[in-house]
Amino acid sequence: MGGTQSKWVLLAAGSKGWTNYRHQADVCHAYQMVHQHGIPDEQVVVMMYDDIAYNAENPTRGQIINEPNGQNVYTGVPKDYTGPDVTAHNFLAVLRGDEEGLIKHGWGSRKVLKSGKNDTIFIYLSDHGSKGIFSFPHDTLYASDLIATVTKMAESQQFSKMVIYIESCFSGSMIEHLPPNIQIYGVSASGPHQTSKACFYDDYRHTFLADVFSSYWLLHCRMSNLTRTTFQDQFKYLTSKVKKSTPCQYGNKNLSKLYICDFLGCADSETRSAHACKAKTFEPTHLTASHDVPLVLLNKKIERETDPIRKRDLLREQDNLLQKKSRIEKAVNDIAKHARPKNTNARSVHCPLTHLGEMKEIAEHFRLTFSDSSHKDDVALLLSHMHIFDDLLKAGAGVERIKAATTLVHSLD
C-alpha cells in the first residue's frame with residue numbers, strides 16, 4: 001500500500017434481545033463517532049444483531065439512544081453483519097481479512113478489514129463476558145483465539161498498530177495476555193476478576209441504555225481534540241471517572257503515547273465544545289452489574305404491572321429465573337466438587353488466567369453439554385460462574401477431569 005496509511009475500525013456487539021439493548025446502543029454510538037470523524041464506511045465494519053431498533057418493545061420505532069434524552073444513534077449504521085451472521089467465527093475472519101473464511105447465512109455484505117502494513121486498526125467490543133470469554137449470540141470468542149489471531153496478523157504485517165477496547169465483565173482477562181513486544185495496545189472496562197456495569201435505566205424504554213466504561217470512553221473522544229490527546233490521556237480520564245469497575249491497559253503500553261486521531265480521526269471544534277459542556281454535568285446513573293440486569297428489569301416490570309393475571313405470569317417468570325440461577329450455581333459448584341483434586345482449594349480468583357487453550361476447551365464442553373437445556377438462554381448467568389473452571393485448572397484439575405465432571409453433573413440435572 002506504499003507509504004499511505006488507512007484507518008480501519010471493527011465494531012461488534014455480541015448480544016441480542018431487548019434486555020441487552022445497551023450493547024448495540026454502545027456500538028451504534030461508536031459508529032456515529034467514527035463516521036463523524038471522517039472515517040469512510042469502506043473502512044468500518046459493524047457487527048450487531050439488529051433486533052433493537054424495530055423491536056416490539058421499542059416505543060420509539062426505528063430509533064436507538066445511548067444516553068437519557070440522547071440523539072438517535074441508529075441512523076445510517078451499516079448492516080455489515082446482522083442476525084445469525086454475528087458470530088465469533090465471522091468476527092475473527094473479518095479481523096484477519098479472510099473473506100473466504102466467512103460463514104454467511106445470506107447474500108449480504110462480505111466486508112472484511114483489508115488492512116496493510118502501514119495501516120491502523122481499532123477494535124471495539126461490547127457484550128457479556130467471563131474469564132477468557134466474550135459472548136456472541138450463537139458462539140463464543142475465546143481469549144486464546146483472539147490473542148492467536150492478532151499475534152499472527154502482527155507477524156504477517158497486516159497492520160502497523162492496533163488498539164482494542166473491550167466492554168464486558170472480566171474483560172481484562174480477554175487481553176491480559178497481549179504480547180508486550182508487538183504493536184498492539186488494549187484497554188478493558190474491568191479487571192480480569194470484575195464485572196462491568198450497565199447504566200442509565202430508562203423509564204420509558206424499560207431497559208438500560210448504556211455501559212459506564214463505554215459512556216465515558218465515547219464522551220471523552222467527542223469532547224477532546226484527538227490530534228493532541230493520547231490514549232494515555234484517555235486512560236487517565238477513564239480511571240478517574242469509571243466507578244465500580246477498574247479500567248485496565250495491556251499489551252504494548254508504549255502505544256498509549258500515540259494520538260487517538262491516528263485511529264479514530266477527530267471531531268470539529270464546534271462538536272468538541274458542545275460535548276465538553278455536556279461533560280460538566282455528565283454522570284451515569286443506575287449502575288448495575290451486567291449479569292444482574294435481566295433480574296432487575298424483570299423486577300421493574302412486575303412493579304409496574306397492574307393487571308393481576310399478567311402480574312401472576314411475571315411472578316412465575318421471576319420464580320423460573322431465580323430457579324434457573326440457583327440451578328446454574330448448583331451445577332457449576334457440583335462440577336467443582338467432583339473435579340477438584342483432594343486437599344486443594346480451588347479459589348484463586350486474583351491470579352492471571354494462564355490456561356487459555358484449556359479454558360476454551362472446558363467452556364465449549366460446558367456450553368455444548370448444557371445446550372439442550374434451559375441453561376442455553378441464560379448467557380449472563382452462565383458466564384458469571386465461568387471463573388470457577390479457571391480456578392479448578394489452577395488447583396491442578398486436568399481438562400478431562402473437569403469435562404467428565406461436567407458430563408456427570410448434567411446427567412444428574
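A quick note: this is a predicted structure, and the numbers were derived from the prediction, not measured.

Scoring rules and cut-offs
- Residues numbered from 1 in each chain as written.
- Predicted model: local features only at pLDDT ≥ 70, side-chain atom pairs only at ≥ 80, totals over all residues.
- Heavy atoms only, no water.
- Helix = DSSP H or I, 4+ residues; strand = E, 2+ residues; numbered from the N terminus.
- Buried < 20%, exposed > 50% of the residue type's maximum accessible area, 1.4 Å probe, protein only.
- Contact = heavy atoms within 4.5 Å.
- Areas by Shrake-Rupley, 256 points an atom, 1.4 Å probe, with all protein chains shown as cover.
- Lys, Arg positive; Asp, Glu negative; His and termini not counted.
- Charge placed at Lys NZ, Arg CZ, Asp CG, Glu CD.
- Pairing = 2+ DSSP bridges.
- Axes fitted to C-alpha atoms, helices over the stretch in contact; angles between N-to-C directions.
- Core = buried A, V, L, I, M, F, W, Y, C linked by side-chain atoms within 4.5 Å.
- Phe/Tyr/Trp six-rings, centres within 6.5 Å; stacked < 30°, edge-to-face > 60°.
- Salt bridge = Lys/Arg side-chain N within 4 Å of Asp/Glu carboxyl O.
- Polar contact = N/O pair within 3.5 Å; in protein donor to acceptor, adjacent residues only side chain to side chain.
- Expected span 1.5 Å × (residues − 1).
- Parallel < 35°, antiparallel > 145°, perpendicular 65-115°, else oblique.
- Nonpolar A, V, L, I, M, F, W, Y, C, P; charged D, E, K, R; others polar.

### Details of the overall build of the protein chain
Counting its secondary structure elements, the protein chain contains 14 helices and 12 strands. Here the C-alpha coordinates of the protein chain stretch approximately 60 × 55 × 45 Å along the principal axes. Within the protein chain, the fraction of its 413 residues that count as buried is 59%. The contacts of the protein chain with a sequence gap of at least 6 include a subset with a gap of at least 24, amounting to 76%. Taken as a whole, the protein chain presents about 17,200 Å² of accessible surface, with 49% of it coming from carbon and sulfur. Taking the average place of the 48 positive charges on the side chains of the protein chain and the average place of its 46 negative ones, the gap between the two points comes to 4 Å.

### What to know about the sheet that holds strand 12 (residues 288–289)
Pairing between the strands of a sheet is mediated by backbone hydrogen bonds and can be parallel or antiparallel. The 3 strands are arranged 10-9-12 in an open sheet whose pairing can be described as antiparallel. Each end of this open sheet is capped by a strand with a single partner; those strands are strand 10 (207–211) and strand 12. Across the face of the sheet, helix 1 (residues 21–36) comes into contact with strand 9 (197–202) and strand 10 while running at roughly 40 degrees to strand 10. Taken strand by strand, helix 5 (residues 212–223) contacts strand 9 and strand 10, and its axis lies near 55 degrees from that of strand 10.

### Let's talk about the nonpolar core
If you look at the biggest cluster of nonpolar residues, it comprises 56 residues, and the most contacted ones within it are Leu11, Ile64, Phe122, Tyr165, Trp217, Phe231 and Leu264. Ranked by the residues each element gives to this core, the list is headed by helix 1, at 8 residues. Apart from the residues within four sequence positions on either side, leucine 11 is in contact with Val27, Ala30, Tyr31, Val44, Val45, Val46, Met47 and Tyr124. Val86, Leu92, Leu125 and Leu141 belong to the second largest nonpolar core, which has 39 residues in total.

### Here's the deal with the packing of aromatic side chains
Two aromatic rings are characterised by how far apart their centres lie and by the angle between their planes. Evaluated as defined, the whole model comprises 17 aromatic pairs. Plain terms: the ring middles of phenylalanine 200 and phenylalanine 282 are 5.8 Å apart, the flat faces sit at 75 degrees to each other, and that makes the pair edge-to-face. In this pair, phenylalanine 200 is assigned in strand 9 and phenylalanine 282 in the loop between helix 8 (269–279) and strand 12, connecting sequence segments 82 residues apart. By relative accessible area, which is 4% here, phenylalanine 200 ends up buried. Site record: aromatic cluster; members linked through ring pairs are Phe122, Tyr124, Tyr165, Tyr185, Phe213, Trp217, Phe231 and Phe263.

### With respect to the pattern of salt bridges
Within the structure shown, the criterion is met by 17 salt bridges. Here glutamate 305 makes a salt bridge to arginine 310, at a shortest N to O gap of 3.4 Å. Classification of glutamate 305 as buried rests on a relative accessible area of 16%. Note that lysine 337 is salt-bridged to aspartate 334, the shortest N-O span being 3.8 Å. Of this pair, lysine 337 and aspartate 334 both sit in helix 10 (residues 308–339), 3 residues apart, roughly one helical turn. Residue aspartate 334 is classed as buried on the basis of its relative accessible area of 16%.

### Focus on the sheet that holds strand 11 (residues 248–251)
Read across the open sheet, the 6 strands follow the order 2-1-3-7-8-11; overall the sheet is mixed. Looking along the sheet, the strands with just one partner apiece sit at the ends: strand 2 (44–47) and strand 11. Adjacent strand axes in the sheet meet at a mean angle of 10 degrees when their direction is disregarded. Of the strand pairs in this sheet, strand 8 (residues 184–188) and strand 11 are connected by 4 bridges, and their pairing is antiparallel. Bridged to glycine 186 within strand 11 is tyrosine 250. Along the sheet, helix 1 makes contact with strand 1 (7–13), strand 2, strand 3 (120–126) and strand 7 (161–167), crossing strand 1 at roughly 165 degrees.

### So, the environment of serine 171
Secondary-structure assignment places serine 171 in the loop between strand 7 and helix 4 (172–175). Counting along the chain gives 17 residues from serine 171 to serine 188, while the straight-line C-alpha distance between them is 5.4 Å. Contacts of serine 171, omitting those with residues within four sequence positions, involve Ile166, Ser188, Ala189, Ser190 and Gly191. A distance of 3.2 Å separates a polar atom in the side chain of serine 171 from the backbone nitrogen of alanine 189.

### With respect to helix 5
Between its first and last C-alpha, helix 5 extends 17 Å over 12 residues, near the 16 Å set by a 1.5 Å rise per residue. Of all 12 residues in helix 5, 11 are buried; the element is thus mostly enclosed. Among the residues making up helix 5, those that are buried are Val212, Phe213, Ser214, Ser215, Tyr216, Trp217, Leu218, Leu219, His220, Cys221 and Arg222.

### Digging into the packing of helix 5 against helix 8
It is the contact of helix 5 with helix 8, at a shortest axis distance of 7 Å, that shows an interaxial angle of 135 degrees. Between helix 5 and helix 8, the angle falls in the class oblique. Within the contact between the two elements, helix 5 uses Leu219, Arg222 and Met223 and helix 8 uses Thr271, Arg272, His275, Ala276, Lys278 and Ala279. For the contact of helix 5 with helix 8, the residue count by class is 4 nonpolar, 2 polar and 3 charged.

### A look at the pairing of strand 7
The buried fraction of strand 7 amounts to 6 of the 7 residues, a majority that puts the element mostly inside the structure. Relative to strand 7, strand 3 runs parallel, the two being bridged by 7 bridges. When the sheet's bridge partners are listed, phenylalanine 122 is paired in strand 7 with valine 163.

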